[in-house]
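Inside the fold
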Amino acid sequence: MSRAKGKGEESNYEKYLRFKAPQIGFSSWAEKKWVWVPQGEDGFVAGEVFAESGDKYKVRLTTGDELELKKDQTHPMNPPKFDGADDMSELSHLNEPSVFHNLKRRYENDLIYTYSGLFCVVVNPYKRIPIYEKDIIDIYRGKRRNEVCPHVYAVSDEAYRYMLGDRQNQSMLITGESGAGKTENTKKVIQYIAAIAGRAGGQQGSGGATLEAQLLECNPILESFGNAKTNKNDNSSRFGKFIKLQFNSGGQIYGANIVSYLLEKSRVVWQLKGERTFHIFYQLLSGTTGDQKKSLMIRSPDTFAYLCNSGVMTVDGVSDAEEFKHTIAAMQICGFSNSDLDQTWRLVSGILHLSCLPFKASFGDAAVLEDKSELENVATLFGVDATKLEAALLRPRIKAGHEIVQTQLDVGKATHSRDALSKAIYGRMFLWIVKKINATLTQSREAHFIGVLDIAGFEIFVKNSFEQLCINYTNERLQQFFNHHMFKLEQEEYMREKINWTFIDFGIDSQETIDLLDKKPAGILPLLDEETVFPKGSDESFLNKLHGAQGKNPKYTKPRMAGKPTFCVIHYAGSVEYDVTDWLEKNKDPLQDDLETVMKNSTMELLQELFSGEYSNKVDDGKGASKDDKGAAIKSKAAAFGASNRKKGATFITVGFQYKEQLSSLMDTLQQTHPHFVRCIIPNHKKRPGLLETPIVLEQLRCNGVLEGIRISRKGFPNRQVYAEFVKRYYILVTGLTRTVADPKGATQTILDGLKLDPEQYRFGLTKIFFRAGQLAGIEEAREKKIGQLIIAIQSASRGFLARRLYYKLAGHSGAAKIIVRNVRAYLDFKTWPWWTLFVKARPLLKRRNFEKEMEEKDKTIVDMTKSLKVESEGRKKAEEGLKNLESRAEELKNLLSEEKERAAELQDQKDKLDKLKAEADKKLKELEEELEDETSQRKDLADLKRKLELKADELQEQLDDENKLRIELESQKRKNDMEIDELKGTVEKQNDSITKLERHKQTIEKEISELRELLTDEGEAVQTLEKQKRGLMGEIEELREIQDDLNKKLDVAGKAQKKIEHELRETQQKYDDEKAAKEAVEQAKKRVESEMDELKINLEQKNKSISDYEKLKKKLEGDLSEAREHLEDAEEAKANIEKAKKKVENELEETKELLEEEQEKATTAQKGKEKAEFELSALKKQLEEALAKIAALEKIRKELEARVSELETELEDERTAKANLEKLKKKLEGDIASASGKLDEVGSNKAAFEKAKKKLDDDLKAVRQTAEDEKVAREAAERNVKRLETELGELKSAVASGSSSAAIAEKQNKGLQAELQQLRDQIDEESAARSKAEKAKKDAQRELEELQERLDEEEEAKVDLENARRKLESDFAELKIKVGLETEEKNKAISNAAKLEKDIQALKAALEEEEKNKQNQEKVRKRLEIDLDDMNNRLGNEQAERAKLEKAKKETEAELRIT
């Protein structure tokens, strides 16, 4: 039973997740041209093009209708190969009907998940599908996305693996319309991650529940309070949420955090017909019993106004009472106490009783309560004073100028005030529930997280209001984020493959629309906020301002009808018309101050907390901040927002501002994560399984950005294939091309040349061929046409063969009939012949031996033995073929040995080069020692400079102490500046090139003179300025001290690097000695193999002679059974000996390969030594360049201190930025070099595996040689047996001739032959068993060769990665060189300006000249290092070419072994 169950579970994966393409004839589709034709409500219909004229098609639809259409009105159809594709980005024709057709084919087969590039598209099945069970989770656990069928589990596992492997936060963006399945897929994501990342036994949370259980149970709570029944969905989420699943460093779930967005609070007080408010209201009314029902004053649902206005109280198939029990259990698991639950139910019940307050009009339209019993119920539930609550609802106080005035509300305004209170209580209670769940789940020590965003998709309704604007603004930002991320990854793929491509930033496509929505000061949301806080603002004034500010914006359009309160925004998903009615009220979310005061004075602790500052949207001036950091942050932003619009009292945070800040925070979080995208689709509005309505689905694909992503993909090269796979599929398009080729890239070029494709439609990468959209479909059509032609040729040949065979059969029947007729006639003639009659009657009287029967038995035995001999002959032929292959392989081994001699000579050359490198390295070490001495002297200069700066600081301190001296010094400074102006004028006349610059400096100095005069008049301002200068100088002195310490550390590092290089050189010399000894061993092995090859040739010649002898013996012994038996035994022994000989030869070949691999390994070791030395040299070079940059920065700081102290802070900030960039670039280069070294180590380990395989083949070669010798001995024994059998044959013939006297002997011989025949059959059985073993061994060898081939492919990929890493390092080095050059130019410019403006620099000129010399020396050293790096790269390229040759020889040897 368990086995049957396992098969059923496996079938769920195959049935509901894997697409089963139907078998379609090739020629039936390829011979015709098919297109998609738009067809009204049906969307698109397939049609066959039967005529074409100019720019028009004549199309015959599948319905039988014929149409004439323009070509641009049709869409090309993909070949049947692409039907039901797992990834729609692989479709050759990326158009709307093709995308919809693919989704439809999959949906009809209950496949709801489909990839579209980075998207995972989910279509709501409207039924339960068994694809979320534990066995499905096990199938997807740890699998790559391309290894399993599409599923949200695959996306979740990919995010989890990326988080563990890259140590980067992940995010999953799940969007779609209401009813598309966002919430369900969010739950499945959490369920899967909890299953694969949960701790064994679970982590204990509050109340003894495990963290995993609390994580899963938070969803029922949020669904009860945040979900409701709508016309589209019975469990629609009416809020957005971002769930952060927190993980520790070991990858286990450590906690979670939930952020909610835009709860639809208006649903509390009003719903459309056929909808319900939030589930919790109905659960409370259905689930409470007994005393609780009395205490909460629960009644029938149809007695509450908030519930009965929609006409729907229940949901089909859902028990509100059972759901209420589940909600209570979930809240208890998540840490809610009994007191929390009781207060929550009181608030929910109180909101319901608020809806029943009976307002009526009194004198002057003033509202009054007709019955106060409901008011008493509300006051009791809320714990407030009924009288104050009534006053706040009917007669609230407002602020008029500086006075507080009590107003009287009419029925409409009183109802609006009551509804506002209900919405405020419920909205704040929902935020409190989210906060309470976070307090239970959130951990502050997270290592990484996976964020799951469940938010509404793009919305276009008949009437679009403020909520739709916020949702569409969110989706516009998310689509911009997706566009940037998707095509950034796409273009990175192009860069890795080195194809010709210009980078395009698709992230800016939505920027114009986003600026229209949120850019200050004229964006829609900023204008709405401005008009909201304006006292006389209205919806009309907001719309007029918006028309005036954005009337000419291409993304904004005014309504066609004047006076209509709407405007239109052109989004990426289409144009949306927004109605601004009540936008200011929705943006304010107002609540009377008196009502807030009443709620704050409640005796219920929860209600007091809800109306405290943390949950309020008002900010008091100067009355403290919230304890919650997040709330304080939002309030500080709100204060900044409202500062210009308030004078006294309190201001509020608008809903638009709150949402914008939340969205900005969300986008900042997403920018720091690796995103994954899930798009949910509603198939139809009838909630019917299996029905996919074209307009509905296409509209959602546009709104969800799926078609937008496809549009971007079409601009690039969306279709790509690895060269080998492309050749395997399309090689039949070119005559003479095989399925497997040594150069798949060249074969791909041959195929494309044969097809005559436009070169602009494809690009060649390093490992893949890239096609533009539609090209791969054309190639597929050509392939199917070719296959159709081949099938026709095969069918014609088959039919001809069958006809000829029938003819021969009929001809045979005709000849046989003639023979039968002739024999019958002869029989009739014999029947009447007298002598025949006499013979028949006399024959029974004769007594004689039945020689005929004996001869028949002998003939039968001979026939059986002949069949056995044929089988043996076939075996011998196979052995002959094996011997021929061994002979050819021996010849190739000779060639391989000659190549190894050449490589040994090349190794000697490499040894000479290493000697030269050693000498050069010694020389570089000496130069580095000299540079270290120069650095020491520079450090001394820096110390002198530091002392000078300290003296300067002391002088400034004295100036602060003596104010009178300060005035005198300022006046003298003024005179000095005047003199400097005169000098500058003279300099202008002498240096024409610097006229413009000096004029600017003159104006600057004149401005400083005026400022100095103002300082003389304002003593206090002068003192403050000097104090600021003093602080700046002291800070610079501290920075100079830190820089000096950094230089000391770098000098120590350089000394250590010098010692390390000396150690590496000693290791290189030792490796060279080892290589020399290995070379001698290789020479000896080559001689030994050559002698063995000569012996093998002699043995092969002898085998050829023995084969001819066996052919003669076969003809002589066909008439004798015993002779055939002996011969068969000899042949079987010979076959076994050949197998042994084959193994021996392969063993010898393995030994030869092992020696060759040892040589390669030693060469690789030398290469690693060289690369390590290169790394050390590059590290020293980087340190020198950093020292140069720091020296330049110090010079610039010193000159600016002497010139103008006020400009010092700005210049220092620039220097810090440049220094930080250089440090980041240094760390990046070090990381790249480390990764490249790791990849080289992996290549070395792969080579070791190939060494073992080679050794095994050499052992087999030895076994073959031994078998050849054994076969020679067996052949001599067979010849002796042949002579003995000939003698026995003569004796047997004489015995037959002797007649009845030798009958006993013949009988004895017959029994002996039967016994021997039985033995022969036994031997045949043994031979069959041996053959099966040999076949099994052959399969094992083939499997090992395939594994070797896979390892070799991995090594090739590693080589490509290393080459990419090397190129990246070169480009980074070039960027670093450019940055150093820019820094040098800025330094020179500062020197020339300072020399012209400041006299004090004259004393430091000598030191600058020395530093300039040092820089020139360092520049020379850097150039030499660059030259050395180029030489090393060239050597690396040569050695890689050598390695490629060795790998090619190895492949050829393995191919030969596979053939054998």
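So, how was this worked out
Residues numbered from 1 in each chain as written. Predicted model: local features only at pLDDT ≥ 70, side-chain atom pairs only at ≥ 80, totals over all residues. Heavy atoms only, no water. Helix = DSSP H or I, 4+ residues; strand = E, 2+ residues; numbered from the N terminus. Buried < 20%, exposed > 50% of the residue type's maximum accessible area, 1.4 Å probe, protein only. Contact = heavy atoms within 4.5 Å. Areas by Shrake-Rupley, 256 points an atom, 1.4 Å probe, with all protein chains shown as cover. Pairing = 2+ DSSP bridges. Axes fitted to C-alpha atoms, helices over the stretch in contact; angles between N-to-C directions. Disulfide = S-S within 2.5 Å. Phe/Tyr/Trp six-rings, centres within 6.5 Å; stacked < 30°, edge-to-face > 60°. Lys NZ or Arg CZ within 6 Å of the ring centre and 35° of its normal. Parallel < 35°, antiparallel > 145°, perpendicular 65-115°, else oblique. Left-handed = near helix turned anticlockwise from the far one by under 90°. Nonpolar A, V, L, I, M, F, W, Y, C, P; charged D, E, K, R; others polar. pLDDT = per-residue confidence, 0-100. Salt bridge = Lys/Arg side-chain N within 4 Å of Asp/Glu carboxyl O. Core = buried A, V, L, I, M, F, W, Y, C linked by side-chain atoms within 4.5 Å. Patch = residues over 30% accessible without salt bridge, like charges linked within 9 Å, V, L, I, M, F, W, Y side chains within 5 Å. Expected span 1.5 Å × (residues − 1).

1. Concerning the overall build of the chain
Each helix and strand counted, the chain has 38 helices and 26 strands in total. Considering the chain as a whole, with its 1460 residues, one finds that 46% of them fall into the buried category. Within the chain, contacts between residues at least 6 apart in sequence are counted, and of these 74% link residues at least 24 apart. Working note: accessible area of the chain is about 75300 Å², and carbon and sulfur atoms make up 51% of it.

2. Side note on the sheet that holds strand β5 (residues 75-76)
As summarised here, the arrangement of the 5 strands in space is β4-β3-β2-β1-β5, forming an open sheet in which the pairing is antiparallel. The two strands at the open ends of the sheet, each matched to only one other strand, are β4 (66-70) and β5. Pairing between strand β1 (residues 33-38) and strand β2 (residues 44-53): 6 bridges, direction antiparallel. Looking across to β2, one finds that Trp-34 is bridged to Glu-48. Sitting on the sheet, helix α3 (residues 96-108) touches β1, β2 and β5, and the angle it makes with β1 is about 95°.

3. What about helix α18 (residues 524-533)?
Burial analysis of α18 places 9 of its 10 residues in the buried class, which makes it a mostly covered element. Within the span of α18, buried status applies to Ile-524, Leu-525, Pro-526, Leu-527, Leu-528, Asp-529, Glu-531, Thr-532 and Val-533.

4. Details of the state of the cysteines
Between two cysteines, a covalent bond joining their sulfur atoms is known as a disulfide. Taken as a whole and assessed by the stated rule, the structure comprises 0 disulfides. In this model Cys-680 remains outside any disulfide bridge; the closest cysteine sulfur is found in Cys-120, 8.5 Å from its own.

5. Structural notes on the pairing of strand β17 (residues 448-456)
It is a general feature of regular strands that their side chains alternate between the two faces of the sheet. With 8 of its 9 residues buried, β17 lies for the most part within the structure. Inspection of the sheet shows strand β8 (residues 170-176) paired to β17 by 7 bridges, in the parallel sense. Bridge assignment links Ser-171 to a residue of β17, and that residue is Gly-451. The pairing of strand β11 (residues 240-247) with β17 spans 7 bridges and is antiparallel. The residue bridging Lys-244 from the neighbouring strand is Gly-451, located in β17.

6. Some thoughts on the packing of aromatic side chains
Within this structure, the stated rule accounts for 30 aromatic pairs. Between Phe-281 and Tyr-426, the aromatic rings sit 5.4 Å apart at their centres with planes inclined by 25°, giving stacked as the arrangement. Of this pair, Phe-281 sits in helix α8 (residues 279-287) while Tyr-426 is found in helix α15 (residues 411-441), placing the two residues 145 residues apart along the sequence. The exposure class assigned to Phe-281 is buried, which follows from its relative accessible area of 1%. Tyr-426 gets classed as buried once you look at its relative accessible area, which sits at 1%. Directly above the aromatic system of Tyr-132 lies the positively charged group of Lys-188, at a separation of 4.7 Å from the ring centroid. Its end group placed over the ring of Phe-449, Lys-244 keeps NZ or CZ at 4.4 Å from the ring centre.

7. Notes on the packing of helix α27 (residues 723-730) against helix α28 (residues 744-755)
At their nearest, the axes of α27 and α28 sit 8 Å apart, and the two run at 45° to each other. What the angle tells us is that α27 and α28 run oblique. The interaxial crossing formed by α27 with α28 has left-handed handedness. Residues Tyr-723, Ala-724, Phe-726, Val-727 and Tyr-730 of α27 form the contact with α28, whose participating residues are Pro-744, Lys-745, Ala-747, Thr-748, Ile-751 and Leu-752. The residue inventory of the contact of α27 with α28, partitioned by class, reads 9 nonpolar, 1 polar and 1 charged.

8. Quick notes on the packing of helix α14 (residues 386-394) against α15
Where α14 meets α15, the axes come as close as 8 Å, and the angle between the chain directions of the two elements is 120°. Considered as vectors, α14 and α15 are oriented oblique to each other. Along the contact surface, α14 presents Leu-389, Leu-393 and Leu-394, while α15 presents Ala-414, Ser-417, Arg-418 and Leu-421. Across the contact of α14 with α15, the residue classes break down as 5 nonpolar, 1 polar and 1 charged.

9. What about the confidence of the model for the chain?
For the chain, mean pLDDT is 75; residues scoring 70 or higher make up 61% of the total. Ranking the elements of the chain by mean pLDDT puts helix α23 (residues 629-642) last, at 42, and helix α12 (residues 338-354) first, at 94. This model gives residues 1-9 a pLDDT under 50, and the stretch forms 1 contact once residues within four places in sequence are excluded. Taken together, the stretch residues 619-650 has pLDDT below 50 and engages in 32 contacts with residues farther than four places along the chain or on a different chain.

10. Details of the pattern of salt bridges
A complete count under the given rule lists 40 salt bridges for this structure. For the salt bridge of Arg-144 with Glu-147, the shortest nitrogen-to-oxygen distance reads 3.1 Å. Accessibility expressed as a relative area gives 58% for Arg-144, which makes it exposed. For Glu-264, the salt bridge is made with Arg-267, and the minimal N-O distance between the two is 3.2 Å. When its relative accessible area of 4% is taken as the criterion, Arg-267 is described as buried. Taken together, the salt bridges that share partners define one network made up of Arg-238, Glu-264, Arg-267 and Glu-275.

11. Some words on the nonpolar core
Ranked by internal contacts, the top residues of the largest apolar core, which has 207 residues, are Tyr-140 and Phe-225. When residues in this core are grouped by element, the largest group, 13 residues, is from α15. With residues near it in sequence (within four places) discarded, Tyr-140 still touches Tyr-13, Leu-17, Val-148, Cys-149, Pro-150, His-151, Tyr-153, Ala-154, Asp-157 and Tyr-192. Counting residues in hydrophobic clusters, the runner-up holds 8 residues, among them Val-45, Val-49, Tyr-57 and Val-59.

12. Observations concerning a nonpolar patch on the surface
A cluster of nonpolar side chains, Phe-830, Trp-833, Trp-835, Trp-836, Leu-838, Phe-839 and Val-840, forms an exposed patch at the surface whose accessible area comes to about 770 Å². Broken down by element, the residue count for the nonpolar patch peaks at 5 residues, all from helix α30 (residues 834-842). When you line up the elements, Trp-836 lands in helix α30. A residue is classified by how much of its surface remains accessible, and Trp-836, at 38% relative accessible area, is partly exposed.

13. A look at the pairing of β11
Judged by how many residues are buried, β11 sits mostly within the fold: 8 of 8 residues are covered. Burial along β11 is two-sided: Gly-240, Phe-242, Lys-244 and Gln-246 and Lys-241, Ile-243, Leu-245 and Phe-247, pointing in opposite directions, are all buried. Inspection of the sheet shows β11 paired to strand β12 (residues 253-261) by 8 bridges, in the antiparallel sense. Within β12, the residue paired with Phe-247 across the bridge is Ile-253. Counted along the chain from β11 to the antiparallel partner β12, the turn is 5 residues long, and its residue Gly-251 has a positive phi close to 85°.

14. A few points about α3
If you check α3, its first and last C-alpha atoms are 18 Å apart, about what 13 residues at 1.5 Å a residue would give, namely 18 Å. Every buried residue belonging to α3 is among Pro-97, Ser-98, Val-99, Phe-100, Asn-102, Leu-103, Arg-105, Arg-106 and Tyr-107, and all of these are buried.

15. Some details on the sheet that holds β11
With mixed pairing, 7 strands are arranged side by side in an open sheet as β6-β7-β23-β8-β17-β11-β12. Only two strands of the sheet have a single neighbouring strand rather than two, namely β6 (113-116) and β12. Taken over all neighbouring pairs, the strand axes of this sheet differ in orientation by 20° on average, direction set aside. Its contacts with the sheet place helix α16 (residues 466-497) against β7 (119-123), β8, β17 and β23 (674-681), and it is angled at close to 125° to β23.

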